Amino acid sequence: MADLPVWSYPATAALGYLLGSIPFGLVLTRAAGFGDIRKIGSGNIGATNVLRTGNKPLALATLLLDGGKGAIAALVAAQFSPLLAVIAGGAALLGHLFPVWLGFKGGKGVATTLGTLLAVNWMVGIAACLTWLAVAIGFRISSLSALVAVALSPLYAYILGTGPQVAFAAFAAALVWIRHSENIGRMLKGTEPRIGKKKPE
C-alpha cells in the first residue's frame with residue numbers, strides 16, 4: 001500500500017471525532033418523548049441509562065448506534081490503512097466521551113470501544129463482548145462487566161492482534177476506567193445498581 005499523505009491522519013481523526021460525538025442516546029430518548037436522558041438515572045447518555053426509561057428497544061438501539069459509531073469510523077478508514085482504522089476508532093471514542101455539542105460531557109465509551117474492537121479485529125471484539133456477557137450474567141452489574149471486558153481487551157489484542165490494536169485497546173481501557181470512577185466508588189460501597197434496575201436516589 002502506498003504511503004498516505006500526512007494530512008490524512010488528522011483528517012481521519014477529525015472525521016472520526018465528529019461521527020463519535022453524535023449523542024444517539026440523547027437524540028433517541030428525546031424523539032421517543034422521554035425528554036433529556038441527562039436528567040434520568042445516572043444522567044449518562046449511554047444505553048445502560050437509556051434502559052432506565054423502561055424502554056428496552058430504545059436502549060438496544062442506543063447500544064447498537066453507539067457501537068456502530070466506532071465500527072463505521074474504523075471500517076471506512078480501514079479501506080485506506082489498518083493504522084487509520086485504529087486512529088478513526090480512537091477519535092470516535094473521544095468524540096463519544098467528550099462531544100463538543102454537549103459541552104464535552106458525553107458517555108462512558110463502552111459500546112463505542114467494543115464496536116471499534118469488532119471492526120479492527122473481530123476476534124478481539126468477540127472476546128471482549130463475551131467477557132462482558134459472562135460478567136453481566138454472573139454479577140448483573142453493567143459497569144463491572146464493562147470494566148472487566150475493557151481491562152482484558154489489551155491482552156486479547158496482544159494475543160490475537162497487532163501493535164496498534166493493543167495500543168488502542170489500552171488507550172480505550174484507560175479512558176473507560178477513568179469515566180467509571182463514580183461507578184467504581186459505588187461498587188466498593190455495594191450501592192451500584194444492577195442491570196435493569198433504577199439508580200437509587
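Residues numbered from 1 in each chain as written. Predicted model: local features only at pLDDT ≥ 70, side-chain atom pairs only at ≥ 80, totals over all residues. Heavy atoms only, no water.

A. Here's a closer look at the nonpolar core. Grouped together as the largest cluster of nonpolar side chains are 22 residues, with contacts concentrated most on L93, V110, L114, L117, V120, V124 and F168. When residues of this core are traced back to their parent elements, those giving at least two are helix 5 (82-97), helix 6 (110-120), helix 7 (122-139), helix 8 (142-160) and helix 9 (163-179). Sort the elements by how many residues they give to this core and helix 9 lands first, with six residues. Discounting chain neighbours no more than four positions away, the residues touching F168 are V86, G89, G90, L93, T113, T116 and L117. (Core = buried A, V, L, I, M, F, W, Y, C linked by side-chain atoms within 4.5 Å. Buried < 20%, exposed > 50% of the residue type's maximum accessible area, 1.4 Å probe, protein only. Helix = DSSP H or I, 4+ residues; strand = E, 2+ residues; numbered from the N terminus. Contact = heavy atoms within 4.5 Å.)

B. Inspection of the layout of surface pockets at higher detail. Quantified by volume, the largest pocket comes out at close to 1000 Å³. Along the wall of the largest pocket there are 45 residues; nearest its centre are A47, T48, L63, W132 and S142. When residues of the lining of the largest pocket are traced back to their parent elements, those giving at least two are helix 3 (47-51), helix 4 (56-78), helix 6, helix 7, helix 8 and helix 10 (181-189). The element best represented in the lining of the largest pocket is helix 4, accounting for seven residues. Residue composition of the lining of the largest pocket, grouped by class: 19 nonpolar, 17 polar and nine charged. (1 Å grid on protein atoms, 1.4 Å probe; cavity = no way out; pocket = protein on both sides within 12 Å on 5 of 7 lines; lining within 4 Å. Points joined across faces, edges and corners; volume = space filled by probe spheres on them. Nonpolar A, V, L, I, M, F, W, Y, C, P; charged D, E, K, R; others polar.)

C. Inspection of helix 2 (residues 24-31) at higher detail. Buried within helix 2 we find F24, G25, L26 and T29. Here the buried face of helix 2 lies against helix 3 and helix 4. G33 occupies a position one or two residues after helix 2 and carries a positive phi of about 90 degrees.

D. Inspection of the environment of A151 at higher detail. Mapped onto the elements of the fold, A151 is located in helix 8. Owing to a relative accessible area of 40%, A151 belongs among the partly exposed residues under this scheme. Sequence separation of A151 and T53 is 98 residues, and the distance between their C-alpha atoms is 29 Å. Sequence-distant contacts of A151, that is, excluding residues within four places in its chain, are made with A173 and W177.

E. Examining the packing of helix 7 against helix 8 more closely. Here helix 7 crosses helix 8 at 150 degrees, and the two axes come no closer than 8 Å. The orientation of helix 7 with respect to helix 8, classified from their angle, is roughly antiparallel. In the crossing of helix 7 with helix 8, the sense of the turn from one axis to the other is right-handed. Together, M123, V124, A127, A128, T131, W132, V135, A136 and F139 of helix 7 and S142, L144, S145, A146, V148, A149, L152, S153, Y156, A157 and L160 of helix 8 make up the contact between the two elements. The class makeup of the residues in the contact of helix 7 with helix 8 is 16 nonpolar, four polar and no charged. (Axes fitted to C-alpha atoms, helices over the stretch in contact; angles between N-to-C directions. Parallel < 35°, antiparallel > 145°, perpendicular 65-115°, else oblique. Left-handed = near helix turned anticlockwise from the far one by under 90°.)

In short, shape yes, function no, at least from these values alone.
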